[in-house]
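Working through the structure, step by step
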Amino acid sequence: MQINDNVLNYDEKIIFSLRSLYSKYGYAPYKMSKFEEYDLYVKNKDFLISDSVITFTDTNGKLMALKPDVTLSIIKNSKDACETVQKLYYNENVYRISKGTKVFKEIMQVGLECIGNIDNYCIFEVLMLAAQSLKNISADAILDISHLGVLSSIIDSFSVSYEMKQALMKCAAEKNLHEISAICADNGIEPEKAELLADIISFYGTPDEILPKLKDIPELSEAVEQLEAALAPFEGNELKEMLRIDFSVVSDMKYYNGIVFKGFINGIPNSVLSGGQYDKLMEKMNRKSGAVGFAVYLDMLERLENQKGEIF
Amino acid sequence: MKQMLNIALPKGRLGEKVYDMFEKAGFECPSIKENNRKLIFENEEAGVRYFWVKPSDVAIYVERGAADIGVAGKDILLEYEPEVYELMDLGFGKCRMAVAAKKDFRDDPNRTLCVATKFSRIAQNYYSSIGRDIDIIHLNGSIEIAPILGLSDVIVDIVETGTTLKENNLEVIETIVPISARLIANKTSFKFKNSQITKIMRELQKND
(Lines give C-alpha, C1' and ligand atoms only; values in the text may rest on other atoms or scores of the structure.)
Protein backbone atom coordinates (compact mmCIF):
# COMPACT_ATOMS: atom_id res chain seq x y z
CA MET A 1 0.00 0.00 0.00
CA GLN A 2 1.31 3.41 -0.93
CA ILE A 3 0.75 6.28 1.51
CA ASN A 4 0.54 9.73 0.06
CA ASP A 5 2.76 12.07 2.11
CA ASN A 6 0.48 15.00 1.51
CA VAL A 7 -2.21 13.66 3.78
CA LEU A 8 0.15 13.77 6.76
CA ASN A 9 0.29 16.95 8.78
CA TYR A 10 3.51 18.43 10.15
CA ASP A 11 3.50 16.57 13.49
CA GLU A 12 2.64 13.28 11.87
CA LYS A 13 5.48 13.60 9.38
CA ILE A 14 7.93 14.15 12.21
CA ILE A 15 6.50 11.29 14.25
CA PHE A 16 6.72 8.86 11.33
CA SER A 17 10.22 9.97 10.43
CA LEU A 18 11.39 9.44 14.01
CA ARG A 19 9.69 6.08 14.26
CA SER A 20 11.31 4.85 11.09
CA LEU A 21 14.67 6.23 12.24
CA TYR A 22 14.48 4.36 15.55
CA SER A 23 13.28 1.11 14.04
CA LYS A 24 16.11 1.27 11.49
CA TYR A 25 18.51 1.07 14.45
CA GLY A 26 16.78 -1.95 15.95
CA TYR A 27 14.49 -0.23 18.44
CA ALA A 28 11.19 -2.02 18.90
CA PRO A 29 7.92 -0.12 19.33
CA TYR A 30 6.54 -0.08 22.83
CA LYS A 31 2.81 0.35 23.25
CA MET A 32 1.43 1.14 26.65
CA SER A 33 -2.03 1.64 28.01
CA LYS A 34 -3.31 5.13 28.69
CA PHE A 35 -3.56 4.41 32.40
CA GLU A 36 -1.11 3.29 34.99
CA GLU A 37 -1.55 2.62 38.71
CA TYR A 38 -1.13 5.87 40.60
CA ASP A 39 1.26 4.15 43.00
CA LEU A 40 4.02 4.07 40.38
CA TYR A 41 4.12 7.87 40.18
CA VAL A 42 3.81 8.52 43.91
CA LYS A 43 6.93 6.46 44.55
CA ASN A 44 8.93 8.46 42.02
CA LYS A 45 7.28 11.83 42.32
CA ASP A 46 10.44 13.89 41.84
CA PHE A 47 11.18 12.15 38.55
CA LEU A 48 8.07 13.71 37.00
CA ILE A 49 8.36 17.12 35.43
CA SER A 50 5.13 18.38 36.98
CA ASP A 51 3.98 16.85 40.25
CA SER A 52 0.27 16.82 39.47
CA VAL A 53 -1.27 13.73 37.94
CA ILE A 54 -4.83 13.19 36.67
CA THR A 55 -6.29 10.37 38.74
CA PHE A 56 -9.51 8.39 38.76
CA THR A 57 -10.83 5.31 40.54
CA ASP A 58 -11.15 2.28 38.31
CA THR A 59 -14.17 -0.04 38.54
CA ASN A 60 -12.19 -2.40 40.78
CA GLY A 61 -11.48 0.39 43.26
CA LYS A 62 -7.85 0.92 42.25
CA LEU A 63 -6.59 4.46 42.01
CA MET A 64 -5.36 4.96 38.44
CA ALA A 65 -3.57 7.79 36.69
CA LEU A 66 -3.41 9.13 33.16
CA LYS A 67 0.27 8.78 32.45
CA PRO A 68 2.38 11.91 32.96
CA ASP A 69 5.50 10.02 31.88
CA VAL A 70 6.42 6.99 29.80
CA THR A 71 9.89 6.06 31.10
CA LEU A 72 8.64 4.78 34.46
CA SER A 73 6.16 2.44 32.77
CA ILE A 74 8.79 1.09 30.41
CA ILE A 75 11.17 0.31 33.25
CA LYS A 76 8.39 -1.32 35.26
CA ASN A 77 7.49 -3.60 32.38
CA SER A 78 11.01 -4.37 31.19
CA LYS A 79 12.97 -7.45 32.17
CA ASP A 80 15.89 -6.86 34.50
CA ALA A 81 18.51 -8.30 32.20
CA CYS A 82 22.11 -7.30 32.87
CA GLU A 83 23.65 -9.31 30.01
CA THR A 84 21.54 -8.11 27.12
CA VAL A 85 20.29 -4.78 25.83
CA GLN A 86 16.64 -3.99 25.22
CA LYS A 87 15.98 -1.20 22.77
CA LEU A 88 12.50 0.33 22.78
CA TYR A 89 10.84 3.39 21.31
CA TYR A 90 7.45 4.93 21.98
CA ASN A 91 5.08 7.51 20.64
CA GLU A 92 2.56 8.39 23.34
CA ASN A 93 0.46 11.19 24.74
CA VAL A 94 1.33 12.27 28.27
CA TYR A 95 -0.69 14.54 30.53
CA ARG A 96 1.07 17.37 32.33
CA ILE A 97 0.30 20.80 33.66
CA SER A 98 1.16 23.51 31.20
CA LYS A 99 3.34 26.21 32.70
CA GLY A 100 1.45 29.06 31.09
CA THR A 101 -2.17 28.16 31.72
CA LYS A 102 -1.63 26.00 34.83
CA VAL A 103 -4.13 23.44 33.57
CA PHE A 104 -3.59 19.92 32.24
CA LYS A 105 -2.48 19.55 28.68
CA GLU A 106 -2.06 16.56 26.39
CA ILE A 107 1.50 16.46 25.06
CA MET A 108 2.68 14.21 22.26
CA GLN A 109 6.01 12.68 23.07
CA VAL A 110 8.28 10.44 21.03
CA GLY A 111 11.27 8.85 22.64
CA LEU A 112 13.43 5.82 23.14
CA GLU A 113 15.00 3.86 25.95
CA CYS A 114 17.98 1.56 25.88
CA ILE A 115 17.95 -0.71 28.94
CA GLY A 116 20.34 -3.42 30.11
CA ASN A 117 24.08 -3.80 29.73
CA ILE A 118 24.85 -0.22 28.63
CA ASP A 119 28.30 0.27 27.12
CA ASN A 120 29.87 3.30 25.47
CA TYR A 121 28.50 2.29 22.10
CA CYS A 122 24.92 2.29 23.43
CA ILE A 123 25.44 5.79 24.79
CA PHE A 124 26.91 6.93 21.49
CA GLU A 125 24.01 5.42 19.57
CA VAL A 126 21.45 7.17 21.78
CA LEU A 127 23.30 10.50 21.43
CA MET A 128 23.57 10.02 17.70
CA LEU A 129 19.84 9.23 17.41
CA ALA A 130 19.06 12.30 19.53
CA ALA A 131 21.11 14.47 17.17
CA GLN A 132 19.55 12.87 14.10
CA SER A 133 16.04 13.36 15.57
CA LEU A 134 16.74 17.07 15.94
CA LYS A 135 18.11 17.23 12.43
CA ASN A 136 14.98 15.56 11.07
CA ILE A 137 12.97 18.37 12.64
CA SER A 138 15.16 21.33 11.71
CA ALA A 139 18.42 21.92 9.91
CA ASP A 140 19.39 24.44 12.58
CA ALA A 141 19.69 22.43 15.80
CA ILE A 142 22.14 21.89 18.64
CA LEU A 143 22.61 19.03 21.11
CA ASP A 144 24.07 20.15 24.45
CA ILE A 145 25.88 17.39 26.30
CA SER A 146 27.01 17.27 29.91
CA HIS A 147 28.30 14.71 32.38
CA LEU A 148 26.79 14.97 35.85
CA GLY A 149 29.98 13.55 37.33
CA VAL A 150 31.80 16.76 36.47
CA LEU A 151 29.64 19.04 38.60
CA SER A 152 29.02 16.49 41.34
CA SER A 153 32.71 15.70 41.81
CA ILE A 154 33.40 19.39 42.40
CA ILE A 155 30.32 20.19 44.48
CA ASP A 156 30.56 16.99 46.57
CA SER A 157 34.07 17.99 47.61
CA PHE A 158 32.62 21.12 49.29
CA SER A 159 31.77 20.65 52.93
CA VAL A 160 28.39 22.39 52.77
CA SER A 161 24.82 21.36 53.58
CA TYR A 162 22.57 19.49 51.17
CA GLU A 163 20.48 22.66 50.72
CA MET A 164 23.57 24.64 49.69
CA LYS A 165 24.54 21.95 47.21
CA GLN A 166 21.04 22.13 45.73
CA ALA A 167 21.35 25.92 45.54
CA LEU A 168 24.68 25.57 43.73
CA MET A 169 23.16 23.13 41.25
CA LYS A 170 20.32 25.56 40.61
CA CYS A 171 22.82 28.36 39.96
CA ALA A 172 24.72 26.03 37.63
CA ALA A 173 21.57 25.41 35.59
CA GLU A 174 21.10 29.19 35.26
CA LYS A 175 24.78 29.82 34.42
CA ASN A 176 24.59 32.14 37.40
CA LEU A 177 28.27 32.63 38.17
CA HIS A 178 27.88 35.67 40.42
CA GLU A 179 25.65 33.79 42.86
CA ILE A 180 27.94 30.77 42.83
CA SER A 181 30.82 33.02 43.90
CA ALA A 182 28.62 34.56 46.60
CA ILE A 183 27.47 31.18 47.99
CA CYS A 184 31.04 29.82 47.93
CA ALA A 185 32.38 32.92 49.70
CA ASP A 186 29.64 32.79 52.37
CA ASN A 187 30.35 29.13 53.07
CA GLY A 188 34.10 29.40 53.32
CA ILE A 189 34.91 27.39 50.21
CA GLU A 190 38.47 27.76 48.92
CA PRO A 191 38.56 30.42 46.19
CA GLU A 192 40.39 28.07 43.76
CA LYS A 193 37.61 25.49 44.01
CA ALA A 194 34.91 28.12 43.62
CA GLU A 195 36.69 29.47 40.57
CA LEU A 196 36.99 26.00 39.06
CA LEU A 197 33.23 25.49 39.45
CA ALA A 198 32.49 28.87 37.85
CA ASP A 199 34.91 28.18 34.99
CA ILE A 200 33.35 24.82 34.23
CA ILE A 201 29.86 26.26 34.10
CA SER A 202 30.92 29.10 31.85
CA PHE A 203 32.46 26.72 29.29
CA TYR A 204 30.41 26.43 26.13
CA GLY A 205 31.66 25.05 22.85
CA THR A 206 32.25 21.99 20.72
CA PRO A 207 33.73 18.87 22.35
CA ASP A 208 37.03 19.54 20.56
CA GLU A 209 37.19 23.00 22.13
CA ILE A 210 36.12 22.12 25.65
CA LEU A 211 37.29 18.61 26.51
CA PRO A 212 41.03 19.35 26.16
CA LYS A 213 40.60 22.16 28.73
CA LEU A 214 39.40 19.62 31.29
CA LYS A 215 42.22 17.17 30.75
CA ASP A 216 44.48 18.50 33.48
CA ILE A 217 41.92 18.54 36.25
CA PRO A 218 42.47 15.27 38.13
CA GLU A 219 39.10 15.11 39.93
CA LEU A 220 37.27 15.26 36.60
CA SER A 221 39.31 12.64 34.75
CA GLU A 222 36.79 9.81 35.12
CA ALA A 223 33.85 11.84 33.80
CA VAL A 224 35.90 13.35 30.99
CA GLU A 225 37.11 9.91 29.91
CA GLN A 226 33.52 8.68 29.77
CA LEU A 227 32.50 11.69 27.69
CA GLU A 228 35.39 11.16 25.31
CA ALA A 229 34.61 7.48 24.93
CA ALA A 230 30.94 8.13 24.19
CA LEU A 231 31.73 10.92 21.71
CA ALA A 232 34.67 9.24 19.94
CA PRO A 233 32.53 7.41 17.34
CA PHE A 234 31.19 10.79 16.13
CA GLU A 235 34.54 11.33 14.41
CA GLY A 236 33.81 11.75 10.70
CA ASN A 237 30.05 11.85 11.28
CA GLU A 238 28.34 14.98 9.99
CA LEU A 239 26.20 15.12 13.14
CA LYS A 240 29.32 16.01 15.11
CA GLU A 241 28.97 19.67 14.29
CA MET A 242 25.67 19.78 16.22
CA LEU A 243 27.34 18.79 19.51
CA ARG A 244 28.20 21.25 22.26
CA ILE A 245 29.55 20.64 25.73
CA ASP A 246 27.58 22.53 28.37
CA PHE A 247 27.82 21.60 32.05
CA SER A 248 24.84 23.78 32.90
CA VAL A 249 22.67 20.92 31.61
CA VAL A 250 21.72 19.36 34.93
CA SER A 251 19.10 16.76 35.72
CA ASP A 252 17.92 15.51 39.09
CA MET A 253 20.87 13.58 40.53
CA LYS A 254 18.53 11.31 42.44
CA TYR A 255 17.62 9.70 39.12
CA TYR A 256 20.22 10.60 36.58
CA ASN A 257 23.96 9.96 36.52
CA GLY A 258 26.64 10.11 33.89
CA ILE A 259 25.90 11.66 30.54
CA VAL A 260 22.84 13.92 30.19
CA PHE A 261 21.80 16.04 27.24
CA LYS A 262 19.26 18.53 25.91
CA GLY A 263 18.37 19.44 22.35
CA PHE A 264 17.55 22.92 21.06
CA ILE A 265 16.16 24.14 17.77
CA ASN A 266 16.67 27.67 16.52
CA GLY A 267 13.34 29.46 16.85
CA ILE A 268 11.92 27.41 19.73
CA PRO A 269 12.56 29.09 23.09
CA ASN A 270 12.91 25.92 25.20
CA SER A 271 14.61 22.58 24.81
CA VAL A 272 12.64 20.15 22.66
CA LEU A 273 14.62 17.04 23.56
CA SER A 274 15.88 15.85 26.89
CA GLY A 275 17.58 12.68 28.04
CA GLY A 276 20.46 10.93 29.70
CA GLN A 277 21.64 7.93 31.69
CA TYR A 278 19.30 7.10 34.55
CA ASP A 279 20.94 4.20 36.37
CA LYS A 280 19.89 5.67 39.70
CA LEU A 281 16.22 5.52 38.79
CA MET A 282 16.79 1.87 37.79
CA GLU A 283 18.34 1.24 41.21
CA LYS A 284 15.39 2.87 42.94
CA MET A 285 13.11 0.54 41.01
CA ASN A 286 15.23 -2.45 42.12
CA ARG A 287 16.89 -3.04 38.76
CA LYS A 288 20.48 -4.06 38.46
CA SER A 289 20.94 -3.00 34.87
CA GLY A 290 21.66 0.46 33.51
CA ALA A 291 19.64 2.61 31.15
CA VAL A 292 19.85 5.59 28.82
CA GLY A 293 17.15 7.29 26.78
CA PHE A 294 15.53 10.50 25.67
CA ALA A 295 12.20 12.07 24.77
CA VAL A 296 11.29 14.58 22.07
CA TYR A 297 8.48 16.98 22.98
CA LEU A 298 6.39 17.70 19.95
CA ASP A 299 4.05 20.28 21.46
CA MET A 300 6.50 23.11 20.84
CA LEU A 301 7.05 22.34 17.18
CA GLU A 302 3.91 23.97 15.82
CA ARG A 303 5.75 27.28 15.88
CA LEU A 304 8.37 25.99 13.50
CA GLU A 305 6.47 25.06 10.37
CA ASN A 306 8.30 27.51 8.14
CA GLN A 307 11.67 26.02 8.96
CA LYS A 308 11.92 22.52 7.67
CA GLY A 309 14.37 19.82 8.57
CA GLU A 310 15.84 16.95 6.60
CA ILE A 311 12.65 14.99 6.13
CA PHE A 312 10.75 17.68 4.25
CA MET B 1 21.88 38.42 6.43
CA LYS B 2 23.16 39.41 9.82
CA GLN B 3 21.32 37.89 12.74
CA MET B 4 19.82 40.62 14.90
CA LEU B 5 20.13 40.39 18.64
CA ASN B 6 16.85 41.31 20.34
CA ILE B 7 17.23 43.10 23.65
CA ALA B 8 14.34 43.79 26.04
CA LEU B 9 14.87 46.85 28.19
CA PRO B 10 12.77 47.72 31.24
CA LYS B 11 10.86 50.95 30.63
CA GLY B 12 11.86 53.78 32.92
CA ARG B 13 14.92 55.17 34.66
CA LEU B 14 16.58 51.80 35.15
CA GLY B 15 16.13 50.95 31.46
CA GLU B 16 17.81 54.15 30.35
CA LYS B 17 20.77 53.38 32.55
CA VAL B 18 20.89 49.89 31.07
CA TYR B 19 20.83 51.28 27.54
CA ASP B 20 23.73 53.61 28.38
CA MET B 21 25.71 50.57 29.49
CA PHE B 22 25.02 48.73 26.26
CA GLU B 23 25.89 51.84 24.29
CA LYS B 24 29.21 52.16 26.08
CA ALA B 25 29.86 48.51 25.32
CA GLY B 26 29.55 49.27 21.60
CA PHE B 27 25.93 48.33 20.89
CA GLU B 28 24.58 51.78 20.26
CA CYS B 29 21.27 52.61 18.65
CA PRO B 30 21.00 56.41 18.49
CA SER B 31 17.34 56.48 17.44
CA ILE B 32 16.41 55.29 20.95
CA LYS B 33 17.29 58.70 22.35
CA GLU B 34 14.76 60.46 20.13
CA ASN B 35 11.85 61.69 22.11
CA ASN B 36 8.89 59.76 20.73
CA ARG B 37 6.53 56.97 21.60
CA LYS B 38 8.11 54.28 19.51
CA LEU B 39 8.81 51.06 21.35
CA ILE B 40 11.18 49.30 18.96
CA PHE B 41 14.55 50.63 17.80
CA GLU B 42 16.98 49.02 15.42
CA ASN B 43 20.59 49.48 14.43
CA GLU B 44 21.29 47.02 11.67
CA GLU B 45 24.95 47.88 11.54
CA ALA B 46 25.54 46.98 15.16
CA GLY B 47 23.14 44.04 14.79
CA VAL B 48 20.90 45.02 17.68
CA ARG B 49 17.19 45.66 18.13
CA TYR B 50 16.05 47.19 21.41
CA PHE B 51 12.53 47.37 22.73
CA TRP B 52 10.96 48.88 25.82
CA VAL B 53 8.69 46.67 27.87
CA LYS B 54 7.16 46.82 31.33
CA PRO B 55 9.95 45.91 33.80
CA SER B 56 8.06 42.95 35.23
CA ASP B 57 7.51 41.57 31.71
CA VAL B 58 11.17 41.48 30.61
CA ALA B 59 11.62 37.97 31.97
CA ILE B 60 8.59 36.73 30.02
CA TYR B 61 9.83 38.19 26.72
CA VAL B 62 13.18 36.51 27.28
CA GLU B 63 11.79 33.18 28.49
CA ARG B 64 9.50 32.95 25.44
CA GLY B 65 12.27 33.93 23.05
CA ALA B 66 10.75 37.23 21.81
CA ALA B 67 13.89 38.81 23.26
CA ASP B 68 17.25 37.05 23.21
CA ILE B 69 18.56 38.91 26.22
CA GLY B 70 17.16 41.44 28.65
CA VAL B 71 17.69 43.14 31.96
CA ALA B 72 15.42 42.32 34.88
CA GLY B 73 15.48 42.85 38.64
CA LYS B 74 16.32 39.86 40.81
CA ASP B 75 12.93 40.35 42.50
CA ILE B 76 11.15 39.51 39.23
CA LEU B 77 13.39 36.47 38.66
CA LEU B 78 12.69 35.15 42.16
CA GLU B 79 8.97 35.76 41.86
CA TYR B 80 8.34 34.29 38.40
CA GLU B 81 11.21 31.77 38.25
CA PRO B 82 11.49 32.02 34.46
CA GLU B 83 13.52 29.37 32.63
CA VAL B 84 16.37 31.63 31.55
CA TYR B 85 20.11 31.98 32.07
CA GLU B 86 21.06 34.61 34.63
CA LEU B 87 24.36 35.69 33.14
CA MET B 88 25.50 38.74 35.08
CA ASP B 89 24.81 40.86 38.10
CA LEU B 90 24.94 44.35 36.62
CA GLY B 91 25.44 45.81 40.07
CA PHE B 92 22.95 48.65 39.86
CA GLY B 93 19.28 49.13 40.72
CA LYS B 94 20.34 47.93 44.14
CA CYS B 95 17.72 47.49 46.84
CA ARG B 96 16.52 44.67 49.05
CA MET B 97 13.47 42.48 49.53
CA ALA B 98 12.44 42.95 53.13
CA VAL B 99 9.77 42.30 55.71
CA ALA B 100 8.38 45.50 57.24
CA ALA B 101 5.84 46.16 59.97
CA LYS B 102 4.44 48.92 62.15
CA LYS B 103 6.99 50.22 64.61
CA ASP B 104 5.23 48.70 67.62
CA PHE B 105 4.67 45.30 65.96
CA ARG B 106 5.47 42.19 68.00
CA ASP B 107 5.20 38.83 66.24
CA ASP B 108 2.98 36.35 68.03
CA PRO B 109 4.18 32.89 66.93
CA ASN B 110 0.96 31.44 68.29
CA ARG B 111 -1.13 32.61 65.36
CA THR B 112 -0.92 32.70 61.59
CA LEU B 113 1.04 35.68 60.34
CA CYS B 114 -0.83 37.74 57.79
CA VAL B 115 1.47 39.01 55.01
CA ALA B 116 0.53 41.56 52.33
CA THR B 117 2.75 41.59 49.24
CA LYS B 118 3.13 41.89 45.50
CA PHE B 119 5.67 39.06 45.69
CA SER B 120 3.62 36.07 46.84
CA ARG B 121 6.14 33.41 45.87
CA ILE B 122 9.09 35.16 47.51
CA ALA B 123 7.07 35.64 50.71
CA GLN B 124 5.87 32.02 50.66
CA ASN B 125 9.37 30.64 50.08
CA TYR B 126 10.90 32.82 52.78
CA TYR B 127 8.39 31.92 55.46
CA SER B 128 8.37 28.23 54.61
CA SER B 129 12.18 28.25 54.87
CA ILE B 130 11.87 29.44 58.48
CA GLY B 131 8.86 27.24 59.16
CA ARG B 132 6.34 30.00 59.84
CA ASP B 133 2.68 29.51 58.97
CA ILE B 134 1.38 32.50 56.98
CA ASP B 135 -1.61 33.79 55.10
CA ILE B 136 -0.88 35.83 51.97
CA ILE B 137 -2.84 38.84 50.78
CA HIS B 138 -1.80 39.60 47.24
CA LEU B 139 -1.89 43.34 46.48
CA ASN B 140 -0.74 45.14 43.34
CA GLY B 141 0.46 48.42 44.85
CA SER B 142 0.46 50.71 47.90
CA ILE B 143 1.45 47.73 49.99
CA GLU B 144 2.52 49.99 52.87
CA ILE B 145 -1.06 50.81 53.66
CA ALA B 146 -1.98 47.20 54.54
CA PRO B 147 -0.55 47.04 58.09
CA ILE B 148 -1.80 50.54 58.88
CA LEU B 149 -5.37 49.58 58.05
CA GLY B 150 -5.01 46.27 59.84
CA LEU B 151 -5.32 44.33 56.57
CA SER B 152 -2.08 42.48 57.37
CA ASP B 153 0.48 42.13 60.18
CA VAL B 154 3.52 42.67 57.97
CA ILE B 155 4.42 43.39 54.35
CA VAL B 156 7.04 41.87 52.07
CA ASP B 157 8.22 44.46 49.59
CA ILE B 158 11.19 46.10 47.90
CA VAL B 159 12.95 48.64 50.09
CA GLU B 160 15.29 51.11 48.44
CA THR B 161 15.91 53.98 50.85
CA GLY B 162 13.21 53.24 53.39
CA THR B 163 11.67 56.72 53.10
CA THR B 164 8.19 55.49 52.16
CA LEU B 165 8.26 53.11 55.10
CA LYS B 166 9.36 55.80 57.51
CA GLU B 167 6.71 58.24 56.33
CA ASN B 168 4.09 55.59 56.96
CA ASN B 169 5.45 54.75 60.38
CA LEU B 170 6.76 51.34 59.28
CA GLU B 171 10.19 49.78 59.72
CA VAL B 172 12.16 46.89 58.24
CA ILE B 173 12.24 43.93 60.59
CA GLU B 174 14.02 41.42 58.33
CA THR B 175 15.94 41.50 55.06
CA ILE B 176 15.08 38.52 52.85
CA VAL B 177 17.46 39.00 49.93
CA PRO B 178 19.46 41.77 48.25
CA ILE B 179 18.18 42.80 44.81
CA SER B 180 19.92 44.25 41.77
CA ALA B 181 19.58 44.29 37.99
CA ARG B 182 20.58 41.08 36.19
CA LEU B 183 21.42 40.32 32.58
CA ILE B 184 19.30 37.36 31.48
CA ALA B 185 19.32 35.33 28.28
CA ASN B 186 16.94 32.95 26.56
CA LYS B 187 18.35 29.42 26.67
CA THR B 188 17.97 28.75 22.95
CA SER B 189 19.28 32.18 21.94
CA PHE B 190 22.34 31.64 24.12
CA LYS B 191 23.25 28.70 21.88
CA PHE B 192 22.40 30.08 18.47
CA LYS B 193 23.61 33.65 19.07
CA ASN B 194 26.42 32.64 21.41
CA SER B 195 29.15 34.78 19.89
CA GLN B 196 27.03 37.96 20.06
CA ILE B 197 25.90 37.31 23.63
CA THR B 198 29.38 36.47 24.93
CA LYS B 199 30.69 39.59 23.21
CA ILE B 200 28.14 41.75 25.02
CA MET B 201 29.00 40.06 28.33
CA ARG B 202 32.70 40.66 27.80
CA GLU B 203 32.17 44.32 26.99
CA LEU B 204 29.83 44.86 29.93
CA GLN B 205 32.37 43.28 32.26
CA LYS B 206 35.03 45.66 31.00
CA ASN B 207 32.73 48.54 31.84
CA ASP B 208 32.37 47.49 35.47
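Bear in mind that the values here come from a model prediction, so they are computed numbers and not experimental data.

With that settled, the discussion passes to the overall build of chain A. Scanning chain A for helices and strands turns up 11 helices and 11 strands. For 312 residues, the compact-globule estimate of 2.2 N^0.38 gives 20 Å, and the C-alpha radius of gyration of chain A, at 20 Å, lies within 12% of that figure. Dimensions of chain A, computed from the C-alpha atoms along their principal axes, are close to 65 × 50 × 45 Å. The buried share of chain A, taken over its 312 residues, is 54%. Looking at chain A alone, contacts between residues at least 24 apart form 71% of all its contacts between residues at least 6 apart. Accessible area of chain A: about 14,300 Å², with a carbon and sulfur share of 50%. For chain A, the distance from the average position of its 33 positive side-chain charges to the average position of its 46 negative side-chain charges is 6 Å.

Turning to unusual backbone geometry, a few remarks are in order. Residues and elements named next belong to chain A. Although it is not a glycine, K102 adopts a positive phi angle of roughly 60°. Structurally, K102 can be placed in the loop between β5 (85–97) and β6 (104–116). Here K102 falls in the exposed class, since its relative accessible area comes to 60%.

With that settled, consider the environment of A295 of chain A. Residues and elements named next belong to chain A. Tracing the backbone through its elements, the reader meets A295 in strand β11 (residues 290–297). Given a relative accessible area of 6%, A295 falls into the buried group. Among residues more than four places away in sequence, those in contact with A295 are Y90, Q109, V110, G111, V272, L273 and S274.

Before going further, it helps to spend a moment on the interface of chain A and chain B. Each partner contributes to the interface: chain A provides 22 residues, whereas chain B provides 22 residues. Regarding the contact of chain A and chain B, the summed buried area is about 1,700 Å², with carbon and sulfur atoms giving 52% of it. Interface area lost by chain A to chain B is led by K175, H178 and P269 of chain A, which between them contribute 29%. Put simply, chain A and chain B have four salt bridges between them. One salt bridge in this structure joins E179 of chain A and K74 of chain B, with 3.3 Å as the shortest N-O distance. Counting across the interface, chain A meets chain B through 11 residue pairs in polar contact (both at pLDDT 80 or more). Considering every element that reaches the side of chain A that touches chain B, the biggest residue donor is strand β7 (residues 141–147) of chain A, with three residues. For the side of chain A that touches chain B, the residue count by class is eight nonpolar, seven polar and seven charged.

Moving on, we come to helix α8 (residues 191–202) of chain A. Residues and elements named next belong to chain A. For α8, built from 12 residues, the straight-helix expectation of 16 Å at 1.5 Å per residue is met to within 8% by its first-to-last C-alpha distance of 16 Å. Within the span of α8, buried status applies to A194, L196, L197, A198, I200 and I201. Looking at the packing, one finds that the buried side of α8 touches α5 (148–155), α6 (162–173), α7 (177–186) and α9 (207–214).

So, about a negative patch on the surface. On the surface, E190, E192, E195 and D199 of chain A cluster together to form a negatively charged patch. Here D199 of chain A falls in the partly exposed class, since its relative accessible area comes to 37%.

So, about the pairing of strand β6 (residues 95–102) of chain B. All names here are of chain B. β6 sits mainly inside the fold: six of its eight residues count as buried. Direction of pairing for β6 relative to strand β10 (residues 170–179): antiparallel, over a ladder of eight bridges. By the bridge assignment, K102 is partnered in β10 with L170. Summarising the sheet, β6 and strand β9 (residues 154–159) pair through six bridges and their orientation is antiparallel. Across the sheet, residue V99 finds its bridge partner in β9, namely V156.

Glancing now at the sheet that holds β6 of chain B. Residue and element names in this part refer to chain B. Across the sheet, which stays open at both edges, the five strands sit in the order β8-β7-β9-β6-β10 with mixed pairing between neighbours. A strand with exactly one partner marks an edge of an open sheet, and here the two such strands are β8 (134–138) and β10. Strand-to-strand twist in this sheet, taken as the mean axis angle between neighbours without regard to direction, amounts to 30°. Sheet contacts for helix α4 (residues 120–129): β6, β7 (113–117), β8, β9 and β10; angle to β8, the most-contacted strand, approximately 170°.

Let us now look at the sheet that holds β7 of chain A. Residues and elements named next belong to chain A. Pairing in this open sheet of eight strands is mixed, and the strands run β1-β5-β6-β11-β10-β9-β7-β8 from one edge to the other. Every interior strand has two partners, whereas the edge strands, β1 (28–29) and β8 (243–245), have only one. Where β7 and β8 come together, three bridges link them in parallel fashion. Paired with I145 across the two strands is I245, which belongs to β8. Against the sheet, helix α1 (residues 10–24) contacts β5, β6 and β11, and its axis sits at roughly 10° relative to β6.

Parameters at a glance
Residues numbered from 1 in each chain as written. Chains lettered and ligands numbered in written order. Predicted model: local features only at pLDDT ≥ 70, side-chain atom pairs only at ≥ 80, totals over all residues. Heavy atoms only, no water. Helix = DSSP H or I, 4+ residues; strand = E, 2+ residues; numbered from the N terminus. Rg over C-alpha atoms; globule rule 2.2 N^0.38 Å. Buried < 20%, exposed > 50% of the residue type's maximum accessible area, 1.4 Å probe, protein only. Contact = heavy atoms within 4.5 Å. Areas by Shrake-Rupley, 256 points an atom, 1.4 Å probe, with all protein chains shown as cover. Lys, Arg positive; Asp, Glu negative; His and termini not counted. Charge placed at Lys NZ, Arg CZ, Asp CG, Glu CD. Buried area = accessible area lost by both parts, 1.4 Å probe. Salt bridge = Lys/Arg side-chain N within 4 Å of Asp/Glu carboxyl O. Polar contact = N/O pair within 3.5 Å; in protein donor to acceptor, adjacent residues only side chain to side chain. Nonpolar A, V, L, I, M, F, W, Y, C, P; charged D, E, K, R; others polar. Expected span 1.5 Å × (residues − 1). Patch = residues over 30% accessible without salt bridge, like charges linked within 9 Å, V, L, I, M, F, W, Y side chains within 5 Å. Pairing = 2+ DSSP bridges. Axes fitted to C-alpha atoms, helices over the stretch in contact; angles between N-to-C directions.

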